[in-house]
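Residue-level structural notes
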Amino acid sequence: MQSSAALFVNAVPLPALFISQSERIEAANAAALSLLGTGIEGRHFITALRQPMLIEAIEASLRDGKPRKSEYLTNDGQQDTTYKVSVRYVDMTPEAAVLVCFEDVTAFEQAGQMRRDFVANVSHELRTPLTALIGFIETLKGPARDDDVARQRFLDIMDDESKRMNRLVGDLLSLSRVEAEERVRPTEIMSPGDVIKTTAHSLNALAKESDVILKTDLPDHDVVMGGDRDQIRQVLTNLAENAIKYSGAGSVVTMSLTGPAYEPRLRSQAIRLIVSDTGQGIDVHHIPRLTERFYRVDSHRSREMGGTGLGLAIVKHIVNRHRGRLEVESAKGQGACFTVILPVS
Ligand code: ADP
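All residue numbers refer to position in the chain's written sequence, counted from 1. With the structure being a predicted model, the display of local features is reserved for residues of pLDDT at least 70 and the display and counting of side-chain atom pairs for 80 or more, all residues being used for whole-chain, interface and lining totals. In computing side-chain properties, one takes all heavy atoms of the structure into account and sets aside hydrogens as well as water.

**Let's talk about the overall build of the protein chain**
The cut-off we apply is this: Starting at the N terminus, helices and strands are each numbered in turn, a helix being any DSSP run of H or I of at least four residues and a strand any DSSP run of E of at least two. To get the radius of gyration, use the C-alpha atoms; to get the globule rule, take the number of residues to the power 0.38 and multiply by 2.2 Å. Each residue is placed in one exposure class: buried if its accessible area under a 1.4 Å probe, protein chains only, is under 20% of its type's maximum, exposed if it is over 50%, and partly exposed if it falls in between.
If you tally the helices and strands in the protein chain, you get 10 helices and 12 strands. At 29 Å, the protein chain has a C-alpha radius of gyration far larger than the 20 Å of a compact globule built from 345 residues. In terms of principal-axis extent, the alpha carbons of the protein chain reach across some 85 × 65 × 35 Å. Out of the 345 residues in the protein chain, the part that is buried amounts to 43%.

Pasting the structure below:
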């Protein structure tokens, strides 16, 4: 027969322990055993918990009967995890006890950390062009006031820097709009082939300027599907702009459409939008991180090319909204191939 303490902790939907006034662990539920180790029942609680703040909270609660809050930090084998622990006094006979419950707040803490990192990154990205602008304005007001040649050069740099800030703010706004809509399914009907054609048309000038050949490869049949035309255009623009920017003079960038065909990974009929280039490619170890905000393989080169570090993060959110997938294949020196798989139904 299970003791009433055991029955009690087994009903708690979190890791939970019952610690008696004699400071022994009277009962632990299965989640607590998997968190703290099997064999802790019957032991002195200090030997099972070993974290001074939590031990003090339990001792204090057993002494004065008041509830306490504490933390338990551990590692689940893959990552550091944080538990918020609540300690509640239970005035039962023949012996009083405390009920100790562990709530996993790791995801919450990580979200907080991500938010702090994001704010720090945005501030840093904005500060660099802003510092340049402030510096040049000072120089134009002072030492370079009467120097026509310097004034023109500085104004050109200021023009570049202010456009960089404008692009960054534009991409941040796009990202927040796309994130806000991520759960709303698109209702428009569009032709991905037409979207490729219009995107290629608007990027022709950039391709020419960069000495890159921009090609399209479309099927003979027309494909129509549900999707947000403007967002798919943004996906293709971001991917093709990257391909043109990073593959460099003399390379070939191809935007193609295939399908619809059955995609086992999506378990449905889907089309593929493929943007490939013959540039330098990307080292394999960077690939899993490319869609993180502000992640760049080569920060210097990205900035030089006017990149904000947000293009692929925006692509990822749009693809998620369409319940599709983004696949990246590349090896250093062998070009890059970005494939967007979108379900047609
Ligand atoms: P950025 O604004 O820096 O271009 P993105 O999020 O669009 O930001 O891309 C992230 C990084 O991925 C880029 O800084 C670049 O290093 C790398 N990258 C993206 N596309 C390509 C490509 N076609 N070839 C080589 N590197 C690429």
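**With respect to the packing of helix α7 (residues 192–209) against helix α8 (residues 229–247)**
Note the threshold: Angles here are taken between N-to-C directions and fall from 0 to 180 degrees, while the axes themselves are lines fitted to C-alpha atoms, restricted in helices to the stretch in contact. Helix crossings get a hand from a simple test, with the near helix turned counterclockwise from the far one by less than a right angle marking a left-handed crossing and a clockwise turn marking a right-handed one. The contact definition used throughout considers only heavy atoms, calling two residues in contact when any of these lie within 4.5 Å.
In the contact formed by α7 and α8, the axes pass within 10 Å of each other and the chain directions differ by 35°. For the pair α7 and α8, the crossing hand works out as right-handed. Taking contact as the criterion, the partners of V195, I196, T198, T199, S202, L203, L206 and A207 in α7 are, on α8, R229, I232, R233, L236, T237, A240, E241 and I244.

**Some thoughts on the packing of aromatic side chains**
Spelled out, the test is: Two rings belonging to Phe, Tyr or Trp (six-membered ring only in the last case) form a pair when the distance between their centres is within 6.5 Å. Interplanar angles under 30 degrees mark stacking, angles over 60 mark edge-to-face geometry, and anything in between is tilted.
Summed over the entire model, instances satisfying the criterion amount to 5 aromatic pairs. Summarising the aromatic geometry, the rings of F136 and F154 are spaced 4.9 Å apart at their centres and angled 35° between planes, so their arrangement reads as tilted. Of this pair, F136 sits in helix α5 (residues 106–141) while F154 sits in helix α6 (residues 148–180), and the two are 18 residues apart along the sequence. Accessibility assignment for this pair places F136 and F154 in one class, buried. Grouping aromatic residues by their ring pairs yields a cluster made of Y72, Y83 and F102.

**As for helix α10 (residues 311–321)**
For α10, the buried fraction is high: 9 of the 11 residues fall into the buried class. R323 lies just past α10 and shows a positive phi near 55°.

**As for α8**
Worth spelling out the cut-off: Here the expected length of a helix is defined as 1.5 Å per residue gap, with one fewer gap than residues. Any pair of nitrogen or oxygen atoms within 3.5 Å is treated as a polar contact; in protein, a donor-acceptor pairing is required on top of that, and neighbouring residues in sequence qualify only through side-chain atoms on both sides.
For α8, which comprises 19 residues, the first-to-last C-alpha distance of 27 Å matches the rise-based estimate of 27 Å (1.5 Å per residue) to within 8%. The backbone nitrogen of D230 lies 3.2 Å from a side-chain oxygen of the residue at the head of α8, namely D228.

**Remarks on the nonpolar core**
Worth spelling out the cut-off: Among buried residues, those of type Ala, Val, Leu, Ile, Met, Phe, Trp, Tyr and Cys that are joined through side-chain atoms within 4.5 Å constitute a nonpolar core. Segment limits for the domains were obtained from an automatic or database-derived domain assignment.
Core analysis: the largest hydrophobic core is formed by 45 residues, its most contacted members being L214, L236, L239, M255, L273, V275 and F338. Elements that contribute at least two residues to this core include exactly α6, α7, α8, β9 (252–263), β10 (268–277), α10 and β12 (336–343). In terms of residue count, α8 provides more of this core than any other element does, 7 residues in total. For this core, the domains that each give at least three residues are domain 2 (106–181) and domain 3 (185–345).

**Observations regarding the pairing of β10**
Applicable threshold: The rule for pairing is simple: two strands pair if DSSP sees at least two bridges between them.
Of all the 10 residues making up β10, 7 are buried; the element is thus mostly covered by neighbouring parts of the structure. In the sheet, β9 pairs with β10 via 9 bridges, with the strands oriented antiparallel. Residue pairing for β10: V253 is matched across the bridge by D277. From the end of β9 to the start of β10, which pair antiparallel, there are 4 residues, and R267 there has a positive phi angle of about 55°.

**A few points about the domain arrangement of the protein chain**
Here is the rule: When two parts are put together, the accessible area they lose, computed with a 1.4 Å probe and summed over both, is reported as buried area. In what follows, salt bridge is the name for a side-chain nitrogen of Lys or Arg lying within 4 Å of a carboxyl oxygen of Asp or Glu. Note that Gly is not counted as nonpolar here; it falls among the polar residues with everything else outside the nonpolar set of Ala, Val, Leu, Ile, Met, Phe, Trp, Tyr, Cys and Pro and the charged set of Asp, Glu, Lys and Arg.
Taken as a whole, the protein chain is organised into domain 1 (4–104), domain 2 (106–181) and domain 3 (185–345). For domain 2 versus domain 3, the distance between C-alpha centres works out to 26 Å. Where domain 2 abuts domain 3, roughly 1400 Å² becomes buried across the two surfaces, and 58% of that area is made up of carbon and sulfur atoms. By the criterion of area lost to domain 3, the three top residues of domain 2 are E125, L175 and V178, representing 35% of everything that side buries. Counting across the domain 2 and domain 3 interface gives 4 salt bridges. Here domain 2 is connected to domain 3 by 8 residue pairs in polar contact (both at pLDDT 80 or more). Going through the elements one at a time, α5 and α6 are the ones with two or more residues in the side of domain 2 that touches domain 3. Ranked by the residues each element gives to the side of domain 2 that touches domain 3, the list is headed by α6, at 9 residues. Within the side of domain 2 that touches domain 3, the residues separate by chemical class into 6 nonpolar, 2 polar and 6 charged.

**Let's talk about the site of the ligand**
Applied cut-off: We call a residue near a molecule or strand when any one of its heavy atoms sits within 4 Å of it. Using the Shrake-Rupley algorithm and a 1.4 Å probe, accessible areas are obtained, with residue cover drawn only from the displayed protein chains. Only protein atoms enter the 1 Å grid used here. Points where a 1.4 Å probe fits but cannot escape make up a cavity, open sets with protein on both sides within 12 Å along at least five of seven lines make up a pocket, and a residue lines them when an atom lies within 4 Å of a point. Being in a pocket or cavity means that more than half of the molecule's atoms lie within 2 Å of its grid points.
Taken together, 21 residues are adjacent to the ligand, and N242, Y246, S302, T308 and G309 come closest. Computed on the free molecule, the ligand has an accessible area of 540 Å², of which 95% lies beneath the protein chains in the complex. With respect to the detected pockets, the ligand is housed in the largest pocket. For the shell around the ligand, the secondary structure elements donating two or more residues are α8, α10 and β12. Ranked by residue count, the leading element in the shell around the ligand is α8, at 4 residues. Among the residues making up the shell around the ligand, the classes are represented as 10 nonpolar, 7 polar and 4 charged.

**Comments concerning empty space enclosed by the protein**
Where we set the bar: Grid points are joined across faces, edges and corners, and a volume is the space filled by probe spheres set on the points.
One pass over the full model with this rule turns up 1 cavity of 30 Å³ or more. Together, E125, R164, L168, R296, R303, G307 and T308 line the largest cavity. When the residues that make up the lining of the largest cavity are grouped by side-chain class, the tally is 1 nonpolar, 2 polar and 4 charged. Counting contributing residues, the lining of the largest cavity receives three or more from each of domain 2 (106–181) and domain 3 (185–345).

**A few points about the layout of surface pockets**
One number sums up the size of the largest pocket: a volume of about 1000 Å³. What lines the largest pocket is a set of 43 residues, and nearest its centre among them are N242, K245, Y246, S302 and G307. Mapped by element, the contributors of at least two residues to the lining of the largest pocket are α6, α7, α8, β10, α9 (299–304), α10 and β12. With 9 residues, the single largest contributor to the lining of the largest pocket is α8. Residues that form the lining of the largest pocket fall into these classes: 15 nonpolar, 16 polar and 12 charged. When residues of the lining of the largest pocket are assigned to domains, at least three fall in each of domain 2 (106–181) and domain 3 (185–345). Broken down by secondary-structure element, the contributors of at least two residues to the lining of the second largest pocket are α5 and α10.

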